[in-house]
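# A look at the structure
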Amino acid sequence: PGSGPDCFQAGWRYRYTEIMLIRHTTDGHLDCISQEQHALLSGVLASAWRPALSPELVQVIGLHDTPWRSIDTSVRLNPETRRPHDFLDWPLDDKIDFYIAGIDQLETIHPFLAHRVSLHYVSFAGTIDARRLQVHELARRQRLEQHLPGLGEDARGDLAWIKFFDVLSLFICLHRPGTQSESLPPWLSPDVWSTTPDSHDVDLAWETNDRLGIAPWPFVSDREMELTLVARSIPDRDYADQPDLDSAWTHARQTISNLRLVPLVI
């Protein structure tokens, strides 16, 4: 296994590249997408899937990155690269604090949310050896399972769906036309993850910058789905210091992309 939060479930292996999702464009910009927004996109996809997933699982999928809300309001400079801080360089102890606090928040909404997101976070390769997180979250899940008998049932199956929609959303966010190909990690290649947890193959191909073809068509809608993706764009350059990056972030251009998912003709 490599470093970073790699997924080891159901044959998928992937790694986040930034604390905030950052798309390197061919026109010299960094499109910054919050992890919470990417997760919400995951939930939209899951809510329209056929056959239908349970409403509780759809809610988990849509909220799985809520713990990153406070962090994604700004960008942090990596002084070594002089670029926005990479997820893999973020101090592990800080990430663990964010994970635990975020799952605490989800537990105030519903124990099911906290239980499944806890499973998701402890399954990253970057956290499987993090004893503080593993011990804390195991105790949390055991406590929740005692209060809600049956909570642990189908947990692994649910986790596979969480990770599937996680990567599908990441593909849509980061793999669009106009992206620097050398900036894309290998786990975004469709052949790495394009088999669903219930063993169906899915083919994806961008037809235009805002039209993504999918086959076979997996959604309840007969013809197409519309999605909206919001990003903040800053220049793709070296930054002298944190105030320099902060200034670029303050003046960042907001972009709103209207995307269409359509049946792919093979």
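As the structure is a computational prediction, the values presented were derived from the model and not from experiment. Each chain carries its own residue numbering, running from 1 in the direction its sequence is written. Whole-chain, interface and lining totals are the exception, using all residues; otherwise, since this is a predicted model, local features are given only for residues with pLDDT of at least 70 and side-chain atom pairs are given and counted only at 80 or more. To get the side-chain values, all heavy atoms of the structure are used, and hydrogens and water are removed first.

For helices, the axis comes from a line fit to the C-alpha atoms of the stretch in contact; other axes are also lines fit to C-alpha atoms, and the angle between any two N-to-C directions lies between 0 and 180 degrees. Secondary structure elements are taken from DSSP: a helix is a run of H or I of four residues or more, a strand is a run of E of two residues or more, and numbering for both begins at the N terminus. Put simply, helix 2 (residues 55-63) and helix 6 (residues 155-174) touch, their axes get as near as 10 Å, and they point 45° apart. Classified by the angle their axes make, helix 2 and helix 6 are oblique. Crossing hand, helix 2 versus helix 6: right-handed. The residues of helix 6 that touch helix 2, namely those facing Leu57, Val60 and Ile61, are Asp158, Trp161, Ile162 and Phe165. Just so you know the grouping, Ala, Val, Leu, Ile, Met, Phe, Trp, Tyr, Cys and Pro go in nonpolar, Asp, Glu, Lys and Arg go in charged, and all remaining residues, Gly too, go in polar. Tallied by class, residues from the contact of helix 2 with helix 6 come to 6 nonpolar, no polar and 1 charged. Note on terminology: angles under 35 degrees are roughly parallel, angles over 145 are roughly antiparallel, angles of 65 to 115 are roughly perpendicular, and the others are oblique. Left-handed describes a crossing whose near helix is turned anticlockwise from the far helix through less than a right angle; right-handed describes the clockwise counterpart. We call two residues in contact whenever any of their non-hydrogen atoms come within 4.5 Å of each other.

Turning to unusual backbone geometry, a few remarks are in order. A cis amide bond links Arg50 to the next residue, Pro51, at an omega of 0°. When you line up the elements, Pro51 lands in the loop between helix 1 (35-47) and helix 2. Cis geometry is found at the peptide bond from Ala215 to Pro216, where omega equals -10°. With respect to the helices and strands, Pro216 occurs in the loop between strand 6 (211-215) and strand 7 (225-235). If you check the backbone angles, Arg82 has positive phi at about 65° while not being a glycine. When you line up the elements, Arg82 lands in the loop between strand 3 (77-78) and strand 4 (83-84).

Note on exposure labels: buried denotes an accessible area under 20% of the residue type's maximum, exposed denotes more than 50%, and partly exposed covers the range between, all computed with a 1.4 Å probe on protein chains only. Classification of Arg82 as partly exposed rests on a relative accessible area of 39%. Along the sequence, Arg82 and Arg237 sit 155 residues apart, while their C-alpha atoms lie 8.2 Å from each other.

Put simply, a nonpolar core is a bunch of buried Ala, Val, Leu, Ile, Met, Phe, Trp, Tyr and Cys residues held in one set by side-chain atoms that sit within 4.5 Å of each other. Within the largest apolar cluster, 54 residues are counted, with the highest numbers of intra-cluster contacts made by Phe165, Ile172, Phe219 and Leu261. The element best represented in this core is helix 6, accounting for 11 residues. Not counting residues within four places of it along the chain, the set of residues in contact with Phe219 comprises Leu45, Ala48, Trp49, Arg50, Ile214, Met225 and Leu261. Ranked by size, the runner-up nonpolar core spans 11 residues in total, among them Val75, Tyr239, Leu245 and Ala248.

All right, on to helix 6 then. Along its 20 residues, helix 6 runs 28 Å from first to last C-alpha, staying within 8% of the 28 Å computed at 1.5 Å per residue. Taking burial as the measure, the 20 residues of helix 6 include 18 buried ones, the bulk of the element. Helix span is expected to be 1.5 Å times the residue number reduced by one.

The next thing to look at is the environment of Cys173. Counting through the fold element by element, Cys173 comes out in helix 6. Residue classification places Cys173 among the buried residues on the basis of a relative accessible area of 1%. It is 7.2 Å that separates the C-alpha atoms of Cys173 and His38, two residues lying 135 residues apart in sequence. Not counting residues up to four positions away in its chain, the partners in contact with Cys173 are Leu21, Arg23, Ile33, His38, Leu41 and Leu229.

Let's shift gears to the sheet that holds strand 6. One open sheet holds the 6 strands; their spatial order is 1-2-7-8-6-5, and the pairing between them is mixed. Edge positions in the sheet fall to strand 1 (21-24) and strand 5 (203-208), since each has one partner strand and no second. Averaged over all pairs of adjacent strands, the angle between strand axes in this sheet comes to 35°, irrespective of strand direction. A pair of strands is labelled paired if DSSP reports no fewer than 2 bridges between them. Sheet analysis places strand 2 (residues 29-33) next to strand 7, joined by 4 bridges and oriented antiparallel. Following the sheet pairing, Asp31 is matched in strand 7 by Ser233. Contacting strand 1, strand 2, strand 7 and strand 8 (253-263), helix 1 crosses the sheet at an angle of about 170° to strand 7. Contacts from helix 8 (residues 242-250) reach strand 2 and strand 7 within the one sheet, and its direction differs from that of strand 7 by about 140°.

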